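# A structural walkthrough
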Protein chains: 2
Amino acid sequence: MITKTQASSTQTSGAAGPHPLLVVGSVGLDDVETRAGKRTGVLGGAASYFSVAASFLAPPRMVAVVGDDFPAAHTALFERHGVDLAGLERVPGKTFRWSGVYAADFLTRTTLDTQLNVFSDFRPKLPPAWVASDFVFLANIDPTLQLGVLEQAQKPRFVACDTMNFWISGKRPELLRLLGRVDMLLLNDEEARQLSGEANLPAAARAIRALGPSAVVIKRGDAGALLFHEAGVFAAPAFPIENVVDPTGAGDSFAGGFMGWLAHTGSTAPASIRTAMILGSTLASFAVEDFSLDRFRTLDLGQIRERFAAFADLVHFEKIRID
Amino acid sequence: MITKTQASSTQTSGAAGPHPLLVVGSVGLDDVETRAGKRTGVLGGAASYFSVAASFLAPPRMVAVVGDDFPAAHTALFERHGVDLAGLERVPGKTFRWSGVYAADFLTRTTLDTQLNVFSDFRPKLPPAWVASDFVFLANIDPTLQLGVLEQAQKPRFVACDTMNFWISGKRPELLRLLGRVDMLLLNDEEARQLSGEANLPAAARAIRALGPSAVVIKRGDAGALLFHEAGVFAAPAFPIENVVDPTGAGDSFAGGFMGWLAHTGSTAPASIRTAMILGSTLASFAVEDFSLDRFRTLDLGQIRERFAAFADLVHFEKIRID
């Protein structure tokens with residue numbers, strides 16, 4: 001599906017097909033309001049955004065839970081995108097619900113309501129066939145549950161996780177235990193400052209890497225994302241989007257594009273990680289163009305290819321020599 | 001001094017030497033306090049940072065005013081950097097003074113005191129030999145004075161200007177008149193939102209370009225800078241600096257590196273403008289590494305070359321083809 005235009009020893013061939021990619025996280029129903037409008041009961045949740053974003057690069061395995069009110073149309077959407085739902089539990093009760101409103105400038109959002117519902121008893125359980133997944137993404141859930149997933153997984157090659165302010169302050173010991181066992185942490189700038197106690201982002205990344213993850217990705221919304229890892233620093237811009245409709249799920253779509261690329265190539269070499277950053281940014285840039293996962297419904301590889309090229313142009317400058 | 005490693009038709013040769021570069025703005029004495037320490041009566045002012053930053057690429061002509069208390073050591077610093085001081089008036093009275101303190105996280109700064117002193121009667125006057133300067137930078141001063149400079153200048157090839165919240169709200173008609181006569185406006189994200197009434201930065205840039213400038217540069221501090229012009233959008237990252245000492249003058253140093261490059265090459269082609277964005281970011285990244293203009297005292301072309309290359313590496317990713 002994807003070939004490189006130049007030879008490189010840093011990436012294994014995708015000829016053998018994508019490597020197994022597992023995601024554990026929330027699937028929910030959202031009520032969201034932005035300057036562009038209002039939607040009620042639309043598909044949401046980190047695992048939803050992650051899975052469908054990743055599906056353009058590698059078919060993901062989803063571990064999540066929904067209630068018996070979860071619309072069949074949403075399940076059908078996952079299936080159309082090749083998401084393997086063998087780990088999606090359907091239990092009696094109501095699906096996780098989130099409700100929020102964005103300020104007109106999109107700089108802040110207010111959560112109006114969160115109902116855990118069936119999610120409050122969620123204990124992620126990997127189907128036996130999925131225990132040997134090479135690539136694992138632990139979306140933002142209780143670090144105790146994230147640890148529980150790792151205890152079931154057999155030597156994944158690359159584990160990335162997300163977290164949030166609530167766990168950084170409320171479950172710090174568990175989070176620190178988790179960080180000792182993951183390869184990469186994705187979090188936003190405020191979370192990075194909170195976790196590390198460092199205001200300066202390179203200093204925060206250094207401190208977080210000392211806690212375990214060899215790679216840290218700091219997401220900064222429309223200011224792009226920074227990768228800090230053993231091969232140095234990489235800056236991915238955000239794509240300038242004039243008509244942002246709904247920023248919900250941008251970070252999880254980023255993670256989906258990122259991990260989708262790693263699973264597609266089977267490579268975790270520094271060059272692959274950089275490309276993954278841009279594919280993450282690419283999927284995130286599409287996610288915000290419509291409510292819920294709606295933009296992904298009409299997205300195709302041609303559009304992804306065009307925007308990937310646009311990212312290359314966005315940062316391109318001629319190399320001059322100063323003497 | 002600077003050669004390109006690859007052929008390009010977009011840039012004229014620097015063989016004829018740099019083109020005339022004029023800057024009009026403040027020269028002052030600063031008291032500044034950051035988490036890294038405190039300095040009193042150090043060299044400051046937009047024209048100071050701009051000139052010395054630009055001097056590594058093209059010798060600037062400075063139009064400014066100082067009082068009779070202005071230390072000879074500061075004048076000597078300008079001279080060592082090849083800044084032409086034929087337009088620097090020295091008048092009886094005290095030099096412009098600014099005093100400020102930065103929060104420990106550098107996210108906010110508080111101005112403690114501003115004394116205009118001799119600057120309050122400043123009426124920029126171009127020496128006759130400077131009337132025909134090709135490249136002109138109007139640093140952040142009263143837009144009426146900025147307009148006054150343009151009335152003295154004879155058909156400059158490229159005029160860039162800066163401004164601030166104080167003029168956007170207090171001298172809007174004058175600022176709008178100025179914007180109809182400049183090629184480029186540099187401002188920060190908050191100023192872009194204030195001037196345009198648009199929270200979204202691409203939308204803000206579009207609105208500002210409709211006011212006159214064909215190019216708009218939105219500076220975002222440690223999130224880099226965005227260029228919007230007729231050739232599209234360009235995103236320049238900020239260089240990740242772990243030990244920021246003093247952010248004062250970063251924006252003016254950016255402008256100095258930017259305009260210095262244009263004056264060096266004599267080109268305003270889109271490719272040259274992109275390179276100028278990176279050289280601006282390069283000079284800004286050095287400026288914050290020490291108080292006042294101190295980092296520039298030990299800076300040389302070798303270090304600029306190294307950091308320019310580091311910028312190229314910072315954003316480099318392999319071009320893949322998705323089919």
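Residues numbered from 1 in each chain as written. Chains lettered and ligands numbered in written order. Predicted model: local features only at pLDDT ≥ 70, side-chain atom pairs only at ≥ 80, totals over all residues. Heavy atoms only, no water.

### Notes on the sheet that holds strand β8 (residues 109-115) of chain B
Residues and elements named next belong to chain B. Spatially, β4-β3-β7-β8 is the arrangement adopted by the four strands of the open sheet, whose pairing is mixed. In the strand order of this sheet, the two ends are held by β4 (37-44) and β8, each with one partner. On average, each strand axis in the sheet is tilted by 15° relative to the strand beside it, whichever way the strands run. Sheet topology places strand β3 (residues 28-34) next to β4; six bridges connect them, and they run antiparallel. Residue pairing across strands places Val-32 opposite Arg-39, the latter belonging to β4. (Pairing = 2+ DSSP bridges. Helix = DSSP H or I, 4+ residues; strand = E, 2+ residues; numbered from the N terminus. Axes fitted to C-alpha atoms, helices over the stretch in contact; angles between N-to-C directions.)

### Re the packing of aromatic side chains
Applying the stated rule across the entire model yields 20 aromatic pairs over all chains. Between Phe50(A) and Phe137(A), the aromatic rings sit 4.6 Å apart at their centres with planes inclined by 5°, giving stacked as the arrangement. Taken together, the residues Phe50(A) in helix α1 (residues 46-54) and Phe137(A) in strand β9 (residues 135-138) connect sequence positions 87 residues apart. On the numbers, 5.4 Å between centres and 75° between planes, the contact of Phe317(A) with Phe308(B) is edge-to-face. Pair noted here: Phe317(A) is in the loop between α11 (301-315) and β15 (320-322) and Phe308(B) is in helix α11 (residues 301-315), and the two residues belong to different chains. Judged by its relative accessible area of 3%, Phe308(B) is buried. (Phe/Tyr/Trp six-rings, centres within 6.5 Å; stacked < 30°, edge-to-face > 60°. Buried < 20%, exposed > 50% of the residue type's maximum accessible area, 1.4 Å probe, protein only.)

### Describing the packing of helix α6 (residues 189-196) of chain A against helix α7 (residues 201-209) of chain A
All names here are of chain A. Contact geometry of α6 with α7 gives a least axis separation of 9 Å together with a crossing angle of 55°. Between α6 and α7, the angle is such that the two are oblique. Crossing hand, α6 versus α7: left-handed. Each of Asp-189, Ala-192, Arg-193, Leu-195 and Ser-196 in α6 lies in contact with α7, whose residues at this interface are Leu-201, Ala-204, Ala-207 and Ile-208. Broken down by class, the residue content of the contact of α6 with α7 amounts to six nonpolar, one polar and two charged. (Parallel < 35°, antiparallel > 145°, perpendicular 65-115°, else oblique. Left-handed = near helix turned anticlockwise from the far one by under 90°. Contact = heavy atoms within 4.5 Å. Nonpolar A, V, L, I, M, F, W, Y, C, P; charged D, E, K, R; others polar.)

### Looking at the sheet that holds β9(A)
Residue and element names in this part refer to chain A. One open sheet holds the nine strands; their spatial order is β6-β5-β2-β9-β10-β11-β12-β13-β14, and the pairing between them is mixed. Taken across any chain shown, the strands that pair with only one partner, and hence form the sheet edges, are β6 (84-91) and β14 (232-236). Direction aside, the axes of adjacent strands within the sheet are offset by 15° on average. Taken together, the five bridges between strand β11 (residues 184-188) and strand β12 (residues 215-219) define a ladder with parallel strand orientation. Looking at the pairing, Leu-185 lines up with Val-216 of β12.

### A short note on the side chain of Arg220(B)
Mapped onto the secondary structure, Arg220(B) falls in the loop between β12 (215-219) and β13 (225-229). Look past the residues within four positions of Arg220(B) in its chain and what remains in contact with it is Asp222(A), Ala223(A), Asp189(B), Leu201(B) and Leu226(B).

### Description of the packing of α1(A) against helix α8 (residues 250-265) of chain A
Residue and element names in this part refer to chain A. Where α1 meets α8, the closest approach of the two axes is 7 Å, and the angle between their N-to-C directions is 40°. Judged by the angle between their axes, α1 and α8 are oblique. Here the hand of the crossing between α1 and α8 comes out right-handed. In this structure, α1 contributes Ala-46, Tyr-49, Phe-50, Ala-53 and Ala-54 to the contact, and α8 contributes Asp-252, Ser-253, Ala-255, Gly-256, Gly-257, Met-259 and Gly-260. By residue class, the composition of the contact of α1 with α8 is seven nonpolar, four polar and one charged.

### A word on the pairing of strand β14 (residues 232-236) of chain B
Bridging between β13(B) and β14(B) involves five bridges; their strand directions are antiparallel. Each residue of the ladder has a partner; that of His229(B), found in β14(B), is Gly232(B).

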